[in-house]
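Residue strings, one per chain:
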Amino acid sequence: MTNNAKHQVHHLSTAFIFIFGALGGLLFGFDTGIISGASPLIESTFHLSIAQTSFVTSSVLIGSSIGALSIGTLSDKYGRRKMLLISALLFIAGSLLSAFATGFVSMAIARIILGLAVGGASGLTPSYLAELATTEHRGSISGMFQLMTTAGILLAYVSNIGFLHHNLLGWADWRWMLGSALIPAILLLFGSLLLPESPRYLVQNGNITKARAVLHVLRAKTNVDPDQELTNIEKIAAQDKNQGGIRELFKVAKPSVFVAVGIMLLQQLVGINSVIYYLPQVFIKGFNFPDNKAIWISVGIGVVNFLTTILATIIMDKFNRKTFLLFGSVVMALSLIIISIMSFTMSIKDAAVPTMLFIALYIFGFAISWGPIAWILIGEIFPLNVRGIGNSIGSAANWIGNFLVTQFFLSLLNLCHDKIGGPFLVFAAFAILSIFFVIFCVPETRGKSLEQIELELRKKTKVK
Ligand code: BGC
């Protein structure tokens, strides 16, 4: 093993590697969460039309779909680590540009750049973390991505409240809100300069010495034998003779593409972001809540979401992934149906508090299951030579689903005279559909090494 290769990972603790490796999630949560508080302020500074304001919000989602789709091929070709570095640079550029934007055009460009970074990080991080983790702890370690995402959302809400109406040093409040993303972005840049390349990517590209060095550092405090693990990875890499690419993806991993796209679309179509992005507005419009109280509702959601995700991360490897998913689907379906019934049958005054409680239960149902597991699974179910591109497609499906929900939710709410029962019944239908999808389509991955999961897939598709 060369000293150089060893040196690169020598002084890093595994906690540092996993926390910094998952930082892209924090930026993902922050940059999508921050806009709910910042957009009305930006609208009044730049005198934007409604269409322009919506574009400032949705442009991130457009950028993310493009970022997610492009990152996979690039990460299979150039490595996970270099792409993490590029995402960090895009996060820095987008955060600076949005904080210093001078009008609609520069703001829209900044948000698209941020979207590219967010999509890139979401298409990259789950497989990067899965490839670094041991089989035994892979659920919890890959779950770090979602933990960071929920931390980012909560930080965004707190930053919204903290900076609102405080034009520090003569700079408008929203510039501080958007600019505060620079801190995690710089940390990610710093991290990506130090983090190790994925040992599985290194083996795939013939760099065995370096892969061994990385595995020895990563497994130093575990009971896993890094040399045995390396041998298993080499065996699989020898089977994956063909370089990745979209044709290879559909040849060897069609069932995985179906599962990844299905799971990601359903993760969005159960309506989580109608709550994450719009709940204060729902309470202002539907329940006559005063504006200054409604913002605290966001913080409440953020806290429930974050705390439940901590719990999920801790217990993720104790139960099957499918058990979690089914539990979450049932909790979400029931709470959505109860909220809908209340919204059609009770007075606004009587329904407000129970609605809030059932929304908390719905968030719990999502955060304990579909929130983390959708991202964990897309990092696990693809063969090594197409893992990057497979992850990309799953992540792009997530962004497209997100775009659909956020575009149509407010119109649907309007159509139902501001009664959330309307859109929530649609989400409940998808939650019920998700139960069947899990039972019949999703493979169980807990307790299997990535190499074992790949062998099972190859047996199924009969591609050697
Ligand atoms: C979803 C995001 C959502 C977040 C909420 C993620 O898993 O992909 O769209 O905003 O969870 O915690």
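Each chain has its residues counted from 1, following the order in which its sequence is written. For a predicted model such as this one, the threshold for reporting local features is a pLDDT of at least 70, and the threshold for listing and counting side-chain atom pairs is 80 or more; totals across whole chains, interfaces and linings nevertheless cover every residue. Note that the side-chain values use all heavy atoms of the structure and ignore hydrogens as well as water.

S.K.: Could you give an account of the overall build of the protein, with specific residues and numbers?
M.R.: Working definition: helices are DSSP H or I runs of at least four residues, strands are E runs of at least two. Numbering for both runs from the N terminus. Across its full length, the protein carries 23 helices and 0 strands. We compute the radius of gyration over the C-alpha atoms and compare it with the globule rule, which gives 2.2 Å times the number of residues raised to the power 0.38. Whereas a compact globule of 464 residues would reach a radius of gyration of roughly 23 Å, the protein reaches 22 Å, a difference of no more than 12%. Along the longest, intermediate and shortest principal axes, the C-alpha atoms of the protein span 65 × 50 × 40 Å. By residue count, 58% of the 464 residues in the protein fall in the buried class. Taking all contacts inside the protein whose residues are at least 6 apart in sequence as the whole, residues at least 24 apart take part in 83%. Note on areas: Shrake-Rupley with a 1.4 Å probe; residue coverage comes only from the protein chains shown. Surface summary for the protein: the accessible area is close to 18,500 Å², and the carbon and sulfur share equals 70%. Taken together, the 33 basic and 22 acidic charged side chains of the protein have centroids lying 4 Å from each other. A 1.4 Å probe rolled over the protein chains alone gives each residue an accessible area, and that area as a share of the maximum for its type sets the label: buried under 20%, exposed over 50%, partly exposed in between. For this analysis, residues touch if any pair of their heavy atoms sits within 4.5 Å. Note that His is not counted, nor are the chain ends; the positive residues are Lys and Arg, and the negative ones are Asp and Glu. Working definition for charges: the position is that of NZ of Lys, CZ of Arg, CG of Asp or CD of Glu.

S.K.: Give a detailed account of the site of the ligand, specifying residues and quantitative values.
M.R.: Neighbouring residues of the ligand: 13 residues in total, closest Q146, Q267, Q268, N273 and N305. Polar contacts here mean pairs of N or O atoms no more than 3.5 Å apart (in protein, one a potential hydrogen donor and the other a potential acceptor; neighbouring residues in sequence count only if both atoms are side-chain atoms). Q268 is positioned such that a nitrogen or oxygen atom in its side chain is 2.9 Å from an oxygen atom of the ligand. Note that an oxygen atom of the ligand is positioned 3.0 Å from one of the side-chain N or O atoms of W375. Out of a free accessible area of 310 Å², the ligand has 100% covered by protein chains. Taken together, the elements giving at least two residues each to the shell around the ligand come down to α8 (138-163), α15 (254-269), α20 (370-380) and α21 (387-415). Per-element accounting of the shell around the ligand gives the leading share, 3 residues, to α8. Throughout, near means a residue has at least one heavy atom within 4 Å of the molecule or strand.

S.K.: Account for the environment of F409, with residues named and values stated.
M.R.: Within the element layout of this structure, F409 appears in helix α21. A sequence separation of 15 residues divides F409 from F424, and the C-alpha atoms of the two residues are 9.5 Å apart. Excluding anything up to four places from it in sequence, F409 contacts S274, Y278, V282, P423, F424 and F427.

S.K.: Lay out helix α2 (residues 14-21) in plain terms, naming residues and giving numbers.
M.R.: Given 3.6 residues per helical turn, the α-helix brings residues three or four places apart onto the same face. All of the buried residues along α2 are F16, I17, F18, F20 and G21. Residues of α2 that are buried sit in contact with α3 (23-33), α7 (104-132), α8, α10 (182-194) and α12 (208-218).

S.K.: Summarise the packing of helix α4 (residues 35-46) against helix α5 (residues 50-78); cite the residues concerned and give the values.
M.R.: Axes are the key here: two packed helices are described by the angle between their axes and the distance separating the axes. Each axis is a line fitted through C-alpha atoms, taken for helices only over the stretch in contact, and angles between the N-to-C directions span 0 to 180 degrees. Running from amino to carboxyl end, α4 crosses α5 at an angle of 145°, the nearest separation of the two axes being 10 Å. The handedness of the crossing between α4 and α5 comes out as right-handed. Residues I35, S39 and E43 of α4 form the contact with α5, whose participating residues are T53, V56 and T57. A breakdown of the residues in the contact of α4 with α5 according to their chemical character gives 2 nonpolar, 3 polar and 1 charged. With the far helix as reference, a near helix turned anticlockwise by less than a right angle produces a left-handed crossing, and one turned clockwise produces a right-handed crossing. Here the term charged refers only to Asp, Glu, Lys and Arg, the term nonpolar to Ala, Val, Leu, Ile, Met, Phe, Trp, Tyr, Cys and Pro, and the term polar to all other amino acids, Gly among them.

S.K.: If you had to explain the pattern of salt bridges to someone new, which residues and values would you point to?
M.R.: Here, a salt bridge means any Lys or Arg side-chain nitrogen found within 4 Å of an Asp or Glu carboxyl oxygen. On inspection of all chains with the given rule, the structure shows 12 salt bridges. The salt bridge involving K448 is made with E456; its shortest N-O contact spans 3.2 Å. By relative accessible area, which is 38% here, E456 ends up partly exposed. Salt bridges sharing common partners tie together D76, R80, E131 and R387.

S.K.: Tell me about the side chain of E380, and name the residues and values.
M.R.: The residue E380 is located in helix α20 in this model. In this structure the side chain of E380 is engaged in a polar contact, spanning 2.5 Å, whose partner is the side chain of T445. In this structure E380 touches R138, R321, T445, L450 and I453, once residues within four positions along its chain are discounted.

S.K.: Residue-level account of unusual backbone geometry, with values.
M.R.: Here H47, not a glycine, exhibits a phi torsion of approximately 50°, which is positive. Of note, D418 is a non-glycine position whose phi angle comes to about 60°, a positive value. Its place among the elements puts D418 in the loop between α21 and α22 (421-441). Looking at D418, the relative accessible area reads 27%, which means it is partly exposed.

S.K.: Pulling in residues and values, what's your account of the environment of W296?
M.R.: Take W296: it is sitting in helix α17 (residues 291-315). For W296 and N167, which are 129 residues apart along the polypeptide, the C-alpha to C-alpha distance reads 21 Å.

S.K.: Which residues make up the packing of α15 against α20, and what are the values?
M.R.: Two elements in contact, α15 and α20, have axes whose closest approach is 10 Å; the angle formed by their N-to-C orientations is 160°. If you check the angle between α15 and α20, you find them roughly antiparallel. For the pair α15 and α20, the sense of crossing is left-handed. Note on element contacts: α20 touches α15 through W370, G371, A374, W375, L377 and I378, opposite A260, I263, M264, L266 and Q267. Partitioned by chemical class, the residues of the contact of α15 with α20 number 9 nonpolar, 2 polar and no charged. For classification purposes, angles smaller than 35 degrees are called roughly parallel, those larger than 145 roughly antiparallel, those between 65 and 115 roughly perpendicular, and all remaining angles oblique.

S.K.: So, the packing of aromatic side chains: which residues are in play, and what are the values?
M.R.: Only the six-membered ring of Trp is used, alongside the rings of Phe and Tyr, when aromatic pairs are assigned; centres must lie within 6.5 Å, and planes under 30 degrees apart are stacked while those over 60 apart are edge-to-face, with the rest tilted. With the rule as written, the count across this model stands at 19 aromatic pairs. With 4.1 Å between their ring centres and 20° between their planes, F16 and F20 make a pair best called stacked. In this pair, F16 and F20 both sit in helix α2, 4 residues apart, roughly one turn of the helix. By relative accessible area, which is 19% here, F16 ends up buried. Judged by its relative accessible area of 14%, F20 is buried. Between F28 and W399, the aromatic rings sit 5.0 Å apart at their centres with planes inclined by 55°, giving tilted as the arrangement. You can see F28 sitting in helix α3 and its partner W399 sitting in helix α21, a full 371 residues away along the chain. Taken as a pair, F28 and W399 share a single burial class, namely buried. By the ring-pair criterion, three or more aromatic residues cluster together here, those being Y277, Y278, Y362, F409, F424 and F427.

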